[in-house]
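Analysis of the macromolecular model
Listed here are the chains, written in short residue letters.
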Amino acid sequence: MQKYLVLYHASADAMQAMMDSTPEQMKAVIGAWKAWADRCGDALVEMSPLSPGGRMTASGSSANEMGVVTYSVLQAESMESAQALLADHPHMGNPGCEIEVYETMSLPWQ
């Protein structure tokens, strides 16, 4: 099994829409994420929301337009299998939201 890093992006507008949600709407969103996590079972190794961050370069730092708002680590046989786990993820149903998936690699000294 290989590990896959999943980054969940949301635009400023998407984040504002979430902040403007009613408690009932937030409960439904959280329920949808939990249902997805339950469907993944042991394939979902880790998941956590992130505080606002930014991009750093040698010349300084700046905010991201499409900030990473959550990350997860999935365990799957292949990239296709990891993508299949994400196919019906509730994050994809929100305007201004995207998901990136990366296969992790071993460091040469490990």
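The structure presented is a predicted model; accordingly, all values stated were derived computationally and were not measured.

Quick look at the overall build of the protein chain
Broken down by element type, the protein chain carries 3 helices and 6 strands. N-terminal to C-terminal, the α/β element order of the protein chain is β-α-α-β-β-β-β-α-β. Along the longest, intermediate and shortest principal axes, the C-alpha atoms of the protein chain span 45 × 45 × 20 Å. For the protein chain, the residues scored as buried account for 26% of the 110 residues in total. Here the contacts in the protein chain between residues at least 6 apart in sequence split such that 75% fall between residues at least 24 apart. Of the roughly 7600 Å² of accessible surface on the protein chain, a fraction of 57% belongs to carbon and sulfur atoms. With 5 positive and 13 negative side-chain charges, the protein chain shows a spacing of 7 Å between the two charge centroids.

Some remarks on the layout of surface pockets
By volume, the largest pocket is sized at about 580 Å³. Taken together, 22 residues form the lining of the largest pocket, with Met 18, Met 26, Val 29, Trp 33 and His 91 sitting closest to its centre. Secondary-structure elements contributing two or more residues to the lining of the largest pocket are helix H1 (12–19), helix H2 (23–40), strand S2 (44–49) and strand S5 (66–76). In the lining of the largest pocket, the residues fall into 15 nonpolar, 5 polar and 2 charged.

Details of the environment of Val 68
When you line up the elements, Val 68 lands in strand S5. Every residue in contact with Val 68, bar those within four places of it in the chain, is listed here: Leu 7, Tyr 8, His 9 and Leu 50.

Quick notes on the environment of Glu 103
By the element assignment, Glu 103 lies in strand S6 (residues 97–103). Relative accessible area serves as the criterion here: at 43%, Glu 103 is assigned to the partly exposed category. For the pair Glu 103 and Ser 11, spaced 92 residues apart in sequence, the C-alpha separation works out to 24 Å. Not counting residues within four places of it along the chain, the set of residues in contact with Glu 103 comprises Gln 2, Lys 3, Tyr 4 and Met 79.

Some words on the nonpolar core
Counting 18 residues, the largest nonpolar core has Val 6, Tyr 8, Trp 36, Leu 74, Leu 86 and Val 101 as the members making the most contacts within it. Sorting the residues of this core by element identifies strand S1 (2–11), H2, S5, helix H3 (79–86) and S6 as the ones contributing at least two each.

Some points on the sheet that holds S6
Strand order in the open sheet formed by 4 strands is S2-S5-S1-S6, with antiparallel pairing between adjacent strands. Both edges of this open sheet fall to S2 and S6, since each of them pairs with a single strand only. Pairwise comparison of adjacent strand axes, ignoring direction, gives a mean angle of 20° for this sheet. Where S1 and S6 come together, 7 bridges link them in antiparallel fashion. When the sheet's bridge partners are listed, Tyr 8 is paired in S6 with Ile 99. Packing against the sheet, H1 makes contact with S1, S5 and S6, and its axis sits at approximately 80° to S1.

The rules we used
Here the residue index of a chain counts from 1 through its sequence in written order. Residue-level local features of this predicted model are given only where pLDDT is at least 70; pairs of side-chain atoms are given and counted only at 80 or more, and the full residue set underlies all totals for whole chains, interfaces and linings. Excluding hydrogens and water, the side-chain values take into account all heavy atoms of the structure. What counts as a helix is a DSSP run of H or I of at least four residues, what counts as a strand is a run of E of at least two, and both are numbered from the N terminus. Remark: exposure states derive from per-residue accessible area (1.4 Å probe, protein chains only) relative to the maximum for the residue type, with buried under 20%, exposed over 50%, and partly exposed in between. Contact criterion: two residues are considered in contact whenever any of their non-hydrogen atoms come within 4.5 Å of each other. Per-residue accessibility takes into account occlusion by the displayed protein chains alone, with areas from the Shrake-Rupley method and a 1.4 Å probe. Only four residue types enter the tally: Lys and Arg on the positive side, Asp and Glu on the negative side; His and the chain ends are excluded. One atom stands in for each charge, and that atom is NZ of Lys, CZ of Arg, CG of Asp or CD of Glu. Lining residues are those with an atom within 4 Å of a point, where the points come from a 1 Å grid over the protein atoms alone and group into cavities, where a 1.4 Å probe fits but cannot get out, or pockets, open sets with protein on both sides within 12 Å along at least five of seven lines. Grid points are joined across faces, edges and corners, and a volume is the space filled by probe spheres set on the points. Residues were grouped as follows: Ala, Val, Leu, Ile, Met, Phe, Trp, Tyr, Cys and Pro as nonpolar; Asp, Glu, Lys and Arg as charged; and all remaining residues, including Gly, as polar. As used here, the term nonpolar core means buried Ala, Val, Leu, Ile, Met, Phe, Trp, Tyr and Cys residues forming a set that is joined through side-chain atoms within 4.5 Å. Strands qualify as paired when DSSP identifies two bridges or more between them. Orientation is described by axes fitted as lines to C-alpha atoms, over the contacting stretch for helices, and by angles from 0 to 180 degrees between their N-to-C directions.

Interpretation in functional terms is not warranted from these geometric data alone.
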